[in-house]
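# Structural overview
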Amino acid sequence: MRLYFVGAGPGDPDLITVKGMRLLSEADLVIYAGSLVNPALLEGLKAETMDSNGLSLEATTARIIAALRAGKKVVRLHSGDPSLYGAILEQMKPLEEAGVEVVVVPGVSSLFASAAALKTQLTLKGVSESLIVTRPAGTTLEKDELRALSRHNTTMAVFLGADRIRDIADSLDRPAETPVAVVYHASWPDERILQGTLADIADKVDAAGISKSALILVGGVLTRNGFRRSHLYRDR
């Protein structure tokens, strides 16, 4: 028995991988992650589709195992890339214990769709050579390390934090003029980009009414200035 975890990409249905799309077209059952997955990806499939939103892990696992034992090809469709806040290991463990072979197919993360929307690099020579991916404390995380991580003065990507944007901005140990961008629904038709600084980004996000489905990016790469030419394109 084999189950495929497939990254659906950030939203634009064209941004799923070729392999991911092939597996969807071949599947008999697709269990997808609710509104996080663009419904356009489910159109025209021969598969039965099931929204996992509101289902317990045990119920989802049981449904997958029953379908696999019936000889069906099953795809578990996640938003973005499953390795970033995808909660896939907790799903894999009971499946593997039941004798299921798991295959993970990567997807395009909203992190990269956001960088594309902003037309910048997350790592930029002379500005930031590193990227920190993190999230704020909340319902499922008792304490975060945002303040300490911000002191590295490198690019930061903060997932799952749009509803805590003011607390995040206040907690970062960087100058008030540090550039910040919030990208809502990166690559979706209703994509929105808000740009500002640590001093004013919370007011802009509140005014826009954005509280979920948005990525926060912090750092000098957002200005698209001050970088040095890479070794690849150096003067010769």
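Above: the structure in question.
Here goes a summary of the coordinates provided. (Residues numbered from 1 in each chain as written. Predicted model: local features only at pLDDT ≥ 70, side-chain atom pairs only at ≥ 80, totals over all residues. Heavy atoms only, no water.)

## Examining the pattern of salt bridges
- Evaluated as defined, the whole model comprises nine salt bridges.
- The partner of Arg-22 in a salt bridge is Glu-26, and the shortest N-O contact between them spans 3.3 Å. In this pair, Arg-22 and Glu-26 are both assigned in helix α1 (residues 18–26), four residues apart and thus about one turn of the helix distant.
- Residue classification places Glu-26 among the partly exposed positions, given a relative accessible area of 30%.
- The salt bridge involving Glu-48 is made with Arg-63; its shortest N-O contact spans 2.9 Å. Within this pair, whereas Glu-48 is found in strand β3 (residues 48–51), its partner Arg-63 is found in helix α2 (residues 57–69), the two being separated by 15 residues in sequence.
- One salt-bridge network, in which partners are shared between bridges, spans Arg-22, Glu-26 and Lys-73. (Salt bridge = Lys/Arg side-chain N within 4 Å of Asp/Glu carboxyl O. Helix = DSSP H or I, 4+ residues; strand = E, 2+ residues; numbered from the N terminus. Buried < 20%, exposed > 50% of the residue type's maximum accessible area, 1.4 Å probe, protein only.)

## Details of the environment of Ser-187
- Relative to the assigned elements, Ser-187 resides in the loop between β8 (179–184) and β9 (192–197).
- For Ser-187, the residues in contact, after removing those within four places along its chain, are Pro-10, Gly-11, Asp-12, Leu-15 and Ala-113.
- A distance of 3.4 Å separates a polar side-chain atom of Ser-187 from the backbone nitrogen of Gly-11. (Contact = heavy atoms within 4.5 Å. Polar contact = N/O pair within 3.5 Å; in protein donor to acceptor, adjacent residues only side chain to side chain.)

## Some points on the side chain of His-78
- Mapped onto the secondary structure, His-78 falls in strand β4 (residues 74–78).
- According to the relative accessible area criterion, His-78 is buried, its value standing at 7%.
- For His-78, the side chain forms a polar contact with the side chain of Gln-91, separated by 3.1 Å.

## Looking at the packing of aromatic side chains
- In this structure the tally under the stated criterion is one aromatic pair.
- Here the aromatic rings of Tyr-85 and Phe-159 are separated by 5.3 Å at their centres, their planes lie at 45°, and the arrangement is tilted. In this pair, Tyr-85 is assigned in the loop between β4 and α3 (89–97) and Phe-159 in the loop between β7 (155–158) and α6 (165–171), connecting sequence segments 74 residues apart.
- On the basis of relative accessible area, Tyr-85 is assigned to the partly exposed category, the value being 38%. (Phe/Tyr/Trp six-rings, centres within 6.5 Å; stacked < 30°, edge-to-face > 60°.)

## Describing the sheet that holds strand β10 (residues 214–218)
- Across the sheet, five strands lie side by side as β6-β7-β10-β8-β9; this open sheet has mixed pairing. Of all the strands in the sheet, the pair left with one neighbour each is β6 (131–134) and β9. Between one strand axis and the next, the sheet turns by 15° as a mean value, whatever way the strands run.
- Sheet analysis places β8 next to β10, joined by five bridges and oriented antiparallel. Bridge pairing links Val-182 to Ile-216 in β10.
- Contacting β6, β7, β8, β9 and β10, helix α4 (residues 110–118) crosses the sheet at an angle of about 65° to β10.
- Against the sheet, helix α7 (residues 201–208) touches β8 and β9, its axis set at about 150° to β9. (Pairing = 2+ DSSP bridges. Axes fitted to C-alpha atoms, helices over the stretch in contact; angles between N-to-C directions.)

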